[in-house]
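An overview of the molecular structure
Single-letter residue listing:
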Amino acid sequence: DRLGAMLRSDPQVVMIERLRDPSTAVIVAPYAKEIRFYLGVPAEDTLKAARTWVKAVGDNKKAAASLAGVVSQRLIRKLCETCKTAYTPDPAALRKLNLPADKVGQLYHSSGQVVIRDKPQACPLCHGIGYRGRIGVFEVMVLDDQARQFLAAGNEDQLRSHLRKQKMLYLQEAALAKVVEGMTDIKEVNRRIDDFGRRK
């Protein structure tokens, strides 16, 4: 087939838009140590994408050996720099979001308004929406030898624990980091909460 013919031409990098069926994974896996592949896998997060890959390859050890990393991403709206409004967050609300109440003294939220001649008006830059542009939020799973062993063994609990020790952030945590940086607000993260999930 076309993919097989492409691989026989000895490329260095191959991009495949989407893993449409297991046959693609079966063809790709043996070449993964020689060729760098970028492969789209529809999944809610990195762990589910890795699980899909392993299932598609059909051999846990081959699948784990061929995987260098997994990135899951979402786009969230960015606060308008002209009209975003600073506020002091409630410590209880911060604790609920697992944010350090003693280190987060100020956050921002969208307003969509500016004051001109003492009168609030729709922000001319974002047209009253409160957001302008989007930013990416990324969950990055980097697999070292130990992580591959856990993946090959099908031990997701140990894999998850190992990744957390390596300081891996979940999507929701990465999104909340953008809130702390003042780039977006909690309302926007909550709007996408079903996508980010509530894993611990």
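Residues numbered from 1 in each chain as written. Predicted model: local features only at pLDDT ≥ 70, side-chain atom pairs only at ≥ 80, totals over all residues. Heavy atoms only, no water.

Right, let's talk about the environment of Ala50 for a bit. For Ala50, the location among the structural elements is in helix H3 (residues 46–57). Separated by 52 residues in sequence, Ala50 and Asp102 place their C-alpha atoms 36 Å apart. (Helix = DSSP H or I, 4+ residues; strand = E, 2+ residues; numbered from the N terminus.)

Bringing the environment of Val70 into the picture now. Its location among the elements puts Val70 in strand E3 (residues 69–79). Sequence separation between Val70 and Glu139 is 69 residues; the distance between their C-alpha atoms is 8.2 Å. Not counting the four nearest positions on each side in its chain, Val70 is found in contact with Thr46, Ala49, Ala50, Glu139, Val140, Met141 and Leu143. (Contact = heavy atoms within 4.5 Å.)

Going through the model one piece at a time under the given rule, you end up with nine salt bridges. Glu188 is the salt-bridge partner of Arg77, the closest N and O atoms lying 2.9 Å from each other. With Arg77 in strand E3 and Glu188 in helix H9 (residues 186–191), this pair connects stretches of sequence that are 111 residues apart. The partner of Arg164 in a salt bridge is Glu173, with the nearest N and O atoms 2.7 Å apart. Since its relative accessible area comes to 30%, Arg164 is described here as partly exposed. Glu173 sits in the partly exposed class, given a relative accessible area of 27%. (Salt bridge = Lys/Arg side-chain N within 4 Å of Asp/Glu carboxyl O. Buried < 20%, exposed > 50% of the residue type's maximum accessible area, 1.4 Å probe, protein only.)

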